[in-house]
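# Geometric and topological summary
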Amino acid sequence: MPTVRLVAGVDEAGRGPLAGPVAVAAVILDARRRIRGLNDSKQLSERKREALFPLIQERALAWRVEFVAPDEIDRLNILQATLEGMRRAVLALQPFPDLVRIDGNRAPKGLNCMAETLVGGDAIEPAIMAASILAKVSRDRLMVQLHATFPQYGFDVHKGYPTPAHLSALAQHGPCTHHRRSFAPVREALLTR
């Protein structure tokens, strides 16, 4: 069996929201350039995630963030769209990893390297922790940008998740171009228009 040298961690952010893309990140950490404070992005404050984001980009051997847009999510379904984002993020890494560790229980096909799935991997594997931070921060920043164009939905606050405020705005204004039409609350809002 070959010696594993480069390990990429892969995680996503934004599977549950009604609007915006799903963001998938892949990261190969450099063992010689440690990053203190890595953790699952959900366990970190926004301030801490924002502080770690440039450190990960600067110190990692390789990193990539892929966005899978709402229309692709609607076409593929959220699971297949997430797996496609994982595949694209991994294939874009330079140098290319020998092994990919993915948070969750499903690995995409066509990675061209060994893959392991780790349920709860974002609490175990530092490279997955780094990927979870890159995915979350990248997606949150994009949702804040979308808020500038579509302020009526409050994307800057709830980031597209189905909060009461978002559901109310959806009922009042109908969906925008960034809403996922295959998700039930968006479909229902379309029917009442």
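Heads up: these notes are all about the structure in this document. (Residues numbered from 1 in each chain as written. Predicted model: local features only at pLDDT ≥ 70, side-chain atom pairs only at ≥ 80, totals over all residues. Heavy atoms only, no water.)

This brings us to the environment of Val65. Mapping Val65 onto the fold places it in strand 3 (residues 62-68). Residues Val65 and Val27 lie 38 residues apart in sequence; the distance between their C-alpha atoms is 8.9 Å. (Helix = DSSP H or I, 4+ residues; strand = E, 2+ residues; numbered from the N terminus.)

A separate point is helix 1 (residues 46-59). Between its first and last C-alpha atoms helix 1 spans 20 Å; for 14 residues at 1.5 Å apiece the expected length is 20 Å, and the two agree. Those residues of helix 1 lying buried are Arg49, Leu52, Phe53 and Ile56. Where helix 1 is buried, its residues contact strand 2 (22-28), strand 3 and helix 4 (126-149). (Expected span 1.5 Å × (residues − 1). Buried < 20%, exposed > 50% of the residue type's maximum accessible area, 1.4 Å probe, protein only. Contact = heavy atoms within 4.5 Å.)

What follows covers helix 3 (residues 78-91). Taking 1.5 Å of rise per residue, the 14 residues of helix 3 would be expected to cover 20 Å, and the 20 Å separating its terminal C-alpha atoms lies within 8% of that figure. Packing partners of the buried residues in helix 3 comprise strand 1 (7-13), strand 2, strand 3, helix 2 (70-76) and strand 4 (99-103).

The next thing to look at is the nonpolar core. Membership of the largest hydrophobic core comes to 19 residues, with the highest contact counts inside it found for Ala25, Val27, Leu38, Leu52, Ile56, Ile133 and Leu134. Within the residue set of this core, elements represented by two or more residues are strand 2, helix 1 and helix 4. Among the elements that line this core, the one with the most residues is helix 4, at 7 residues. Within the second largest apolar cluster, 15 residues are counted, among which are Leu6, Ala8, Val24 and Met86. (Core = buried A, V, L, I, M, F, W, Y, C linked by side-chain atoms within 4.5 Å.)

What follows covers the packing of aromatic side chains. Counting across every chain of the model gives 2 aromatic pairs. Summarising the aromatic geometry, the rings of Phe150 and Tyr153 are spaced 6.4 Å apart at their centres and angled 50° between planes, so their arrangement reads as tilted. Phe150 sits in the buried class, given a relative accessible area of 17%. Of the residues examined, Tyr153 reaches a relative accessible area of 4% and is grouped as buried. Taken together, a centroid distance of 5.3 Å and an interplanar angle of 15° make the contact between Tyr153 and Phe155 stacked. Side by side, Tyr153 and Phe155 carry an identical accessibility label, which is buried. Following the ring pairs from residue to residue traces out a cluster consisting of Phe150, Tyr153 and Phe155. It is Arg141 that lies over the ring of Phe53; its NZ or CZ is 4.3 Å from the centre. (Phe/Tyr/Trp six-rings, centres within 6.5 Å; stacked < 30°, edge-to-face > 60°. Lys NZ or Arg CZ within 6 Å of the ring centre and 35° of its normal.)

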